[in-house]
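Summary of structural features
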Amino acid sequence: MRTVEILEKKRDGGVLAADEIHFLVEGYCEGTIPDYQMAAFAMAVVWHGMTFEETLALTEAMIDSGDTIDCRGLGKKSIDKHSTGGVGDKTTLVVAPLVASLGYAVPKLSGRGLGHTGGTIDKLESIPGYRTSLNQETFLGIVQRIGVAVASPTENIVPADKLLYALRDATATVRSLPLIASSIMSKKLAVATDAISLDVKVGEGAFFHTIAEARDFAHLAIRIGDTMGRRVHCMLSAMDAPLGHAIGNALEVQEAIATLHGMGPEDFVAVCESAALSMLHALEPGLNEEEGISRIRDAIASGRAWSVFREWIAAQGGDVRTLDDPSLLPQASRTIDVAAPHDGTISAVHALMLGHLAMTLGAGRETKEDSIDPSAGIVLHVTPGTAVRAGDVMATLYTSLTGDESQWVEQLRAACPLEKMPSHAAPSPILEMIGA
Ligand code: URA
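Fair warning: this is a prediction, and the values are worked out from it, not measured in the lab. (Residues numbered from 1 in each chain as written. Predicted model: local features only at pLDDT ≥ 70, side-chain atom pairs only at ≥ 80, totals over all residues. Heavy atoms only, no water.)

All right, on to the side chain of Ser 197 then. Note on placement: Ser 197 falls in strand 6 (residues 195–202). Judged by relative accessible area, Ser 197 falls into the buried class, the value being 4%. Of the polar contacts made by the side chain of Ser 197, one reaches the side chain of Ser 278; its length is 2.8 Å. The contact partners of Ser 197, leaving out residues within four places of it in the chain, are Ile 79, Asp 80, Lys 81, His 82, His 233, Ala 275, Ser 278 and Met 279. (Helix = DSSP H or I, 4+ residues; strand = E, 2+ residues; numbered from the N terminus. Buried < 20%, exposed > 50% of the residue type's maximum accessible area, 1.4 Å probe, protein only. Polar contact = N/O pair within 3.5 Å; in protein donor to acceptor, adjacent residues only side chain to side chain. Contact = heavy atoms within 4.5 Å.)

The four strands are arranged 8-11-13-9 in an open sheet whose pairing can be described as antiparallel. Two strands close off the open sheet at either side, each with one partner strand: strand 8 (246–247) and strand 9 (334–339). When strand 11 (residues 377–380) meets strand 13 (residues 393–399), the two strands line up antiparallel, connected through four bridges. Residue pairing in the sheet places Val 379 in a bridge with Thr 396 of strand 13. (Pairing = 2+ DSSP bridges.)

The N-to-C vectors of helix 8 (residues 159–170) and helix 9 (residues 177–190) enclose an angle of 150 degrees; their axes lie 11 Å apart at closest approach. With respect to each other, helix 8 and helix 9 are oriented roughly antiparallel. Considering only the axes of helix 8 and helix 9, their crossing is left-handed. Taken together, the residues of helix 9 that come into contact with helix 8 (itself represented by Asp 161, Tyr 165 and Arg 168) are Leu 179, Ile 180, Ser 183 and Lys 187. Tallied by class, residues from the contact of helix 8 with helix 9 come to three nonpolar, one polar and three charged. (Axes fitted to C-alpha atoms, helices over the stretch in contact; angles between N-to-C directions. Parallel < 35°, antiparallel > 145°, perpendicular 65-115°, else oblique. Left-handed = near helix turned anticlockwise from the far one by under 90°. Nonpolar A, V, L, I, M, F, W, Y, C, P; charged D, E, K, R; others polar.)

Along its sequence, the chain is carved into domain 1 (3–49), domain 2 (69–157 + 168–324) and domain 3 (331–419). Distance from the C-alpha centre of domain 1 to the C-alpha centre of domain 3: 44 Å. (Domains from an automatic or database assignment.)

With that out of the way, let us pick up the site of the ligand. Near the ligand, the surroundings consist of Tyr 165, Arg 168, Ile 180, Ser 183, Ile 184, Lys 187 and Phe 207. One of the side-chain N or O atoms of Arg 168 is found 2.9 Å from an oxygen atom in the ligand. Here Ser 183 contributes a side-chain N or O atom positioned 2.6 Å from a nitrogen atom of the ligand. Coverage of the ligand by the protein amounts to 87% of the 240 Å² it exposes when considered alone. Only helix 8 and helix 9 provide two or more residues apiece to the shell around the ligand. In terms of residue count, the dominant contributor to the shell around the ligand is helix 9 (four residues). (Near = heavy atom within 4 Å. Areas by Shrake-Rupley, 256 points an atom, 1.4 Å probe, with all protein chains shown as cover.)

Moving on: the pairing of strand 7 (residues 231–238). For strand 7, a buried count of six out of eight residues is recorded, marking the element as mostly surrounded by other parts of the structure. Of the pairings in the sheet, the one linking strand 6 to strand 7 comprises eight bridges and is parallel in character. Bridged to Ile 196 within strand 7 is Val 232. As for the winding sense of the linkage, the β-α-β connection from strand 6 through helix 10 (residues 211–227) to strand 7 is right-handed. (Right-handed = clockwise from strand over helix to strand, strands pointing away.)

See below:
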């Protein structure tokens, strides 16, 4: 097979055969196909798209590029959960132990944050002692014993995606439905669970800006899963405003702890309940929705979800004293209250701007090599629709950086504009549930 001929075919809108796609992915991983040829392939896909069969072949080729972990023989049904990412998204910290407390296995490999979005692994690492790097035996052992483990993927889980994603990032070829779906689904399918639930975020702070794009992705992911014998269920949720009040690693852990104690912010509780319901739908076809919600609420109210959370964190080496007394979690040396400059109603709380501000305060990384400050971030005291008076505190900034705070204050105010309008309840973040 000649790479140039495959590229010509795709450039001209042809349909590639599965073995041609496998040839490209294998060659790229082995180094016999250089970056510039793979970039040409990615750009041709951006322009011409892929048929379902091509997308499936790409997903399979990516899975075949590395190791797989089978989590299906653990004596209970297993489920993986994935969020396409957003600002303040700490849902895994609540729903993974919650669903485990209902008798399922939740093995999860998670990534680090980059840019304005946070990563679950960074949030967990803000708990002193928590180990994110586990070998397969330890990982599966914790899942079997406790019901949940969350670790970083090893280098050899879908290595093709690591290479291809970095290349796409540098060649403006990230935004392509088949490339996104094969990238996400290959990583989910490489950790073989009985079912998969996807939280597809929609909005300015998310990967998908319109509900139509999110729906297309959900349907494609469900079809890929179905063809490969895995049940996928999707929740579409809004990411125009940050999720919950806290943005930043240790601050988000504190908010997750409060939520596990039944004291979470309304929007975050709604997303946790729907994400857990989506997981139950994926696990139990024909689930009665009311019964599902009642099991979910009972797991929180009874304290069972909280107990599993503590056991899981302890099993991965985390210091549980910091969970019982969150003042022992990393603390920023500076807190800055940002007051409303005049009376008004918060017309929007812009997730993207706040994600960037949290990153500036030290909570996120601009490049993969940057280190982060686990204590840095923002706690919001307003939601879209809140009426404030001049001088009311809209948010508190947490940082250990020295320097002039006026720019940060201005950025926060720009992200939470005030208008003359009646106050109103914040809209529900739950947009749609899509099953097989
Ligand atoms: N997230 C991924 O893992 N891959 C993509 O292509 C886009 C978002």
